[in-house]
Each structure stands twice: as C-alpha cells, then as structure tokens.
Amino acid sequence: MSLLKVSHLSYTYGHGTPFSYDAITDINFEIEQGEIVGIIGHTGSGKSTLVQHLNGLIKPSEGKIFLNGKDIWENPKKISQIRFQVGLVFQYPEYQLFEETVYKDIAFGPTNMGLSHSEIDNRVIGAAEMVGLHRNLLQKSPFDLSGGEKRRAAIAGVMAMQPKIIVLDEPTAGLDPAGRDIILSRIKQYRDTTGSTVIIVSHSMEDMAKTAERILVMNKGKVEMFDTVGNVFSHAELLESIGLNIPQVTQIALRLKDLGINVDNNIYTVEQMKNSLLKLMGRGQKNA
Amino acid sequence: MLNDITFGQFIPTNSSIHRADPRTKLILLVMFIVFAFLSNNAFSLGLMMAFLLVLILLSKIPFSMYLKNLKTILPIILFTSILNALYIKTGAELFSFWIITITSDGVWRAVFMSVRISMLILSSAIFSYSSTPTAITNAIESLLKPLNRLGLESAVHTMAMTMTIALRFIPTLIEETQKIMNAQKARGADMESGGLIKRVKALLPILIPLLISSVRRAYDLAEAMECRCYNGGEGRTRLNKMRYSIMDLIATILFVVVCSFSLVLNILF
C-alpha cells in the first residue's frame, strides 16, 4: 500500500458561477514513503490547486485522496488531523510569519497540535537545526531576519509538526543561488534523517534535477507524465511543447550528441556532465 | 466565505450600460435611489422595481451575481424590517404578545423598507458591476470639479486617487487574506470553533501578516508611482477621456420620464 494515493481527483473553481473553470481533471497517482517527488508545470497548470487538496485545504469536487489507505475526507471534522500529517509550505511562506519571536512562530503548529511544553521545545529546536537556523536567531523577531532566513524559519514551522509528508510550493522562488542551495540541501537532509516523504512544486528544472527522484508533470490540469527524473527529461520536445524546459546542462548534452560527441544519456546535473566529459577525455572518475 | 464579497467588483460584459459615461451612471443612480425612497405607495414602488428589473436585464450580468450581493446585506434588511414592524403602533392590530404588538402599518413599512434597501443595493450593484474602479473615481473627480473654484483642487484629486487605489486593492487584499488563512490553517490554526475570545485571538495570525504586507505594498506602490513621475493631479491628462454621447442623453431622458411618472403615481394614489 502506498503512503499517498490520489484517485480520479477533479476540482472546479467557482462551481455554478459564470467564472467556473476546471482547475484539475481526473488526476491519478501514488507516492511511496520516503520519496522526493517533484511537481512541475506551466503557470495555471493546476499545481497549486493539486497540492492544496493533499492536506484538505480544498475539498475535491470529485475523486478521493487516500493517506495510508484511508480517505482523508472520511470524517470532515477531523480534517485538521490530516493537516498535521501532511504539512504544506505555501509559496513565499515568510509572509505568514506573525509571532514576536522566531521560536514562537515555529512553535505555532506544534502548539495547535496540543503537544506538551517540553515536546514543543524539542521540536522547535530540532526543526530550527534542520533548516540551519542558528540558536541565537530563535529569540529574535522574525521580521529582523534576512529573506532566506525568514523562508527557512517558515519552513521550520511546518517541519516542527513532523508531518509524514511535507509539501513545498516553490520553496526557492525569489531567493539567490546560495539561499536556494541551502534550502534544497536541507530539504533533502530532512528526508534522509526523518524518512518523510517530500513533494516539491517548482518551476526550476535545475532544482528538480538536483533534488527530486520522480517528477510529475502537469499540463492544463492533467497529469502529463509521472516518471523518474531521467525519463522525464528525456522527453525534451514534449516538455517544450507544454511550455517547460529541460535543465540547461541537459540541453547542452543533447546538442553535443547532435554534433557527434558521445556523452552519456541521462545527463541532468552539472556533476553528471563533468563526469561524462572526463570519461570521454580518457580520464577516469577518480581524477575528477 | 470571502469569495462572496462582490463589493467593488467589475464584471465586463458588452452591454449598453457598460458603455455609458460613468458620470451619467452616477447621477442617474443617485436619482434612481432618491425616487425609489420617495415612492410611498405600491404603484410607484412597483414601477421603480419594474424599471430596475429592465436595467438588470440590460446589464447582461447573470442574475446570480445580484443575488449574491443581496445575500450579504440580508442581516441589515432583516434588522430594519423587524425594527419597523415593532415600533410602528398605528393601524390595525394584527398580533399582540407581552410588549410586542404588530400592526398592519408596521408590516407595510417593514415590507417597503426592505424593498427600498434591496433596490438601493441592486441599483448600486448595476453601477459598480458595470463601471471599472477607475471610471468610478474619474466620474467622481469630474463631478466634483466645481469645488476647484474654492481652492480645493489638490484635495479633490487626492481623494479621487485614494479611492481608486482603495477600490483597486480590495480584490488583492481578499486574495491575500485567503492565502494567509490557508497558510495558517495548514499549521493547524482553527478559526471556526471556540468562544468569542478564542476566535478573536485566532484572527491575530491572519491580521498581523496582512497588516505587514499592506504596509509593504503601500510603500512599493508609492515608490512605483514616484518612479512614474506622479506628483498630484496638476497638469495630468487622461488617455481615455469621458465622453457624453447620444446614448447618455437617451438614458437620461428615460430616467427622467420614469421618475416623473413615479412621482405622478405618488400624488395620484
């Protein structure tokens, strides 16, 4: 049994009004425990609508979502319990910070769960460490942090609930490359230490190539592809036809192939390109 | 819940009402409301209601949008009708219990009042649905021009600009509120249960981020306006000038005819 199963999910915005439109139609997929799954798609392809279904913020117009084999809408009164199990980090989550101190803000979720003081304390400190926020920052006002630190504090606020699945909507949007790398590596580390499932929504193919294991491609409210990173990026033309790109380095690899240079298939990170080129130049990977 | 707020919303359809000069619409709106409130018998009120229905049909906006608008002010309508029904003691007694006495006059007044308030709301809705916020404030600014002679040029312009901005940001703020609410709900915030104090407290995680982002937005907007050399209304020209057309004249004549007819009905019956 898979951890998360989405079956025939559809959602129509503004049902019965002149503005109604189908955001997503007939979505089906399954995600296993401990996976890192990326969701990509053009603006308006239904990514954000889809992820808001996963923790019950939006009730599906049709179809069901199963968490550990149980329909999450089985008991609508207990939907907040689902929100503790499926943590959702929104786009620009730093705009939801509101407490006097970073500590209190991270503690908001665990407090709502009704945990004991010592447990909350453990979780706040654990989550801050997980995202690489220094202890000194915890007693500061969240509004005194830098942009990247605010983002990490907000992510820690969701991690502190220790959800089985953490969903991040564009976690790196608007950050500089250094800030981006920190967040992505921390998310990966979070999965490695806790064994939680991670779902990342992103526009950035480079981010996806670096972090995700499987990628779900959305197009016009439908699932276009759901496959391993390598298989998805091998469909460059299809991705382009739906307004998406493949990573720059993959584009270069394809170009090199056209020119008759025999680089490896499935190159989608700079690291892989480096190894492949070195191999071609007759030097082994150990010299890399 | 927040999606039900229709105030200040513009719904584009290609109706003759949409194309009319916003100044005409604003003046005729005021005229309509005055005459709707002057109507003191079923005949003249009925005439105004029929006229309103024609206008609603002309606007080509789905009827459900108007109903949505009425739904939001239902409590006010109920409140005034109940007050009217309770306080008017003249006329035949219909029902009496303890200190409560309901009379036929009271019921009449209650019905009249709710119809008038609904008409006020619906006619304003036609206006706001059919005019962009910019058109509305341009109309106000243009109509207040006589005040310029009193040396109030900058005050009139500032007021109009403030209104434009306020109207423009209503949907943005609604969207933002919705987003923040969802984000806090995702962290287990509970806004739908508990007593009054608990509920007010539960609003803090929404209000604080909202306030902060509004201030940030205001700074950004001010800067963007300055970057485009905005320095008040002096010497400012418009891309789309408002023009009084033959259609506006026809509409005005129509309104005058209907309103005078309702006045005649008032006097006759």
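In what follows, the structure referred to is the one given above.
Residues numbered from 1 in each chain as written. Chains lettered and ligands numbered in written order. Predicted model: local features only at pLDDT ≥ 70, side-chain atom pairs only at ≥ 80, totals over all residues.

**Student:** Sorry if this is basic, but what is going on with the overall build of chain A here?
**Tutor:** What chain A contains, in helices and strands, is 11 helices and 10 strands. Since a compact globule built from 288 residues should have a radius of gyration of about 19 Å, the 20 Å found for chain A is in line with a globular shape. Across its three principal axes, chain A shows a C-alpha extent of roughly 60 × 50 × 35 Å. In chain A, the proportion of contacts linking residues at least 24 apart, taken out of those at least 6 apart, comes to 63%. (Helix = DSSP H or I, 4+ residues; strand = E, 2+ residues; numbered from the N terminus. Rg over C-alpha atoms; globule rule 2.2 N^0.38 Å. Contact = placed C-beta atoms within 7 Å.)

**Student:** Explain the overall build of chain B here, please?
**Tutor:** When helices and strands are tallied, chain B shows nine helices and two strands. In chain B, the succession of α and β elements from N to C terminus is α-α-α-α-β-β-α-α-α-α-α. Taken over the C-alpha atoms alone, chain B extends approximately 65 × 60 × 40 Å along its principal axes. By the burial criterion, 22% of the 269 residues in chain B qualify as buried. Looking at chain B alone, contacts between residues at least 24 apart form 77% of all its contacts between residues at least 6 apart. (Buried ≥ 20, exposed ≤ 12 C-beta atoms within 10 Å, placed from the backbone.)

**Student:** Help me understand the packing of helix α6 (residues 133–143) of chain B against helix α7 (residues 153–186) of chain B in this model?
**Tutor:** What describes two packed helices is the angle between their axes and the distance between those same axes. All names here are of chain B. For the pair α6 and α7, interaxial distance at closest approach is 9 Å and the crossing angle is 165°. Of the possible angle classes, the one that applies to α6 and α7 is roughly antiparallel. Here α6 runs over α7; the crossing is right-handed. Side by side, α6 and α7 meet where Pro 133, Thr 134, Ile 136, Thr 137, Ile 140 and Glu 141 of the first sit next to Val 156, His 157, Ala 160, Met 163, Thr 164, Leu 167 and Arg 168 of the second. (Axes fitted to C-alpha atoms, helices over the stretch in contact; angles between N-to-C directions. Parallel < 35°, antiparallel > 145°, perpendicular 65-115°, else oblique. Left-handed = near helix turned anticlockwise from the far one by under 90°.)

**Student:** What am I meant to see in the interface of chain A and chain B here?
**Tutor:** It is common to give the size of an interface as the accessible area that goes away when the parts come together. With 21 residues of chain A in contact, the opposing surface of chain B contributes 18 residues. Breaking the side of chain A that touches chain B down by element, the ones donating at least two residues are α2 (79–85), α3 (102–112) and α5 (147–159) of chain A. Residues that form the side of chain A that touches chain B fall into these classes: 12 nonpolar, eight polar and one charged. (Nonpolar A, V, L, I, M, F, W, Y, C, P; charged D, E, K, R; others polar.)

**Student:** Even after reading the chapter, I still don't get the pairing of strand β8 (residues 197–201) of chain A, so can you show me in this structure?
**Tutor:** Residues and elements named next belong to chain A. The element β8 is largely enclosed, with a buried count of five among its five residues. Going residue by residue along β8, you find Thr 197, Ile 199 and Val 201 tucked away on one face and Val 198 and Ile 200 tucked away on the opposite face as well. One ladder, built from four bridges, connects strand β3 (residues 36–41) with β8; its direction is parallel. Bridge assignment links Val 37 to a residue of β8, and that residue is Ile 199. Pairing of strand β7 (residues 165–169) with β8 involves five bridges; the strand directions are parallel. Paired with Ile 165 across the two strands is Thr 197, which belongs to β8. (Pairing = 2+ DSSP bridges.)

**Student:** Help me understand the sheet that holds strand β1 (residues 4–13) of chain A in this model?
**Tutor:** In a beta sheet, neighbouring strands pair by backbone hydrogen bonds and run either parallel or antiparallel. Residue and element names in this part refer to chain A. A sheet is described by the order of its strands in space; here four strands give the open sequence β2-β1-β4-β5, paired in antiparallel fashion. What marks the edges here is a single partner per strand, and that holds for β2 (21–31) and β5 (70–71). With five bridges connecting them, β1 and strand β4 (residues 62–67) associate as antiparallel partners. Within β4, the position partnered with Ser 7 by the bridge is Lys 64. Sheet strands touched by helix α1 (residues 47–54): β1, β2 and β4. Its angle to β2, the strand with the most contacts, is close to 55°.

**Student:** Would you explain the sheet that holds β8(A) in this entry?
**Tutor:** Residue and element names in this part refer to chain A. With respect to topology, six strands assemble into an open sheet ordered β6-β7-β8-β3-β9-β10, the strand pairing being mixed. Because the sheet does not close on itself, it has two edges, and the strands there are β6 (86–89) and β10 (222–228). Ignoring strand direction, the axes of neighbouring strands in this sheet form an average angle of 15°. Pairing analysis gives four bridges linking β6 to β7, with the strands arranged parallel. Each bridged residue has a counterpart across the sheet, and for Gly 87 the counterpart in β7 is Ile 166. Against the sheet, α1 contacts β3, β6, β7, β8 and β9 (214–219), and its axis sits at roughly 155° relative to β7.

**Student:** Just to check I follow, could you spell out unusual backbone geometry for this structure?
**Tutor:** Residues other than glycine predominantly adopt negative phi, and peptide bonds predominantly adopt the trans conformation. All names here are of chain A. Its identity is not glycine, yet His 8 carries a phi of approximately 50°, on the positive side. The topology assignment puts His 8 in strand β1. In this model, Glu 170 sits at a positive phi of 45°, which is unusual for a non-glycine residue. By the element assignment, Glu 170 lies in the loop between β7 and α6 (177–194).

**Student:** How should the pairing of β3(A) be read in this particular structure?
**Tutor:** Here is the key point about a regular strand: its side chains alternate between the two faces of the sheet. Burial of β3(A) is extensive: six of the six residues sit out of reach of the surface. Neither face of β3(A) is left uncovered, since the one carrying A:Ile36, A:Gly38 and A:Ile40 and the one carrying A:Val37, A:Ile39 and A:Gly41 both have all their residues buried.

**Student:** For this particular structure, what's the right way to read the packing of α5(A) against α6(A)?
**Tutor:** All names here are of chain A. Here α5 crosses α6 at 15°, and the two axes come no closer than 10 Å. By the angle between their axes, α5 is roughly parallel relative to α6. The element α5 and its partner α6 pack so that their crossing is right-handed. Residues Gly 148, Arg 151, Arg 152 and Met 159 of α5 form the contact with α6, whose own contacting residues are Gly 179, Ile 182, Ile 183 and Tyr 190.

By themselves, these are just geometric observations and shouldn't be taken as functional.
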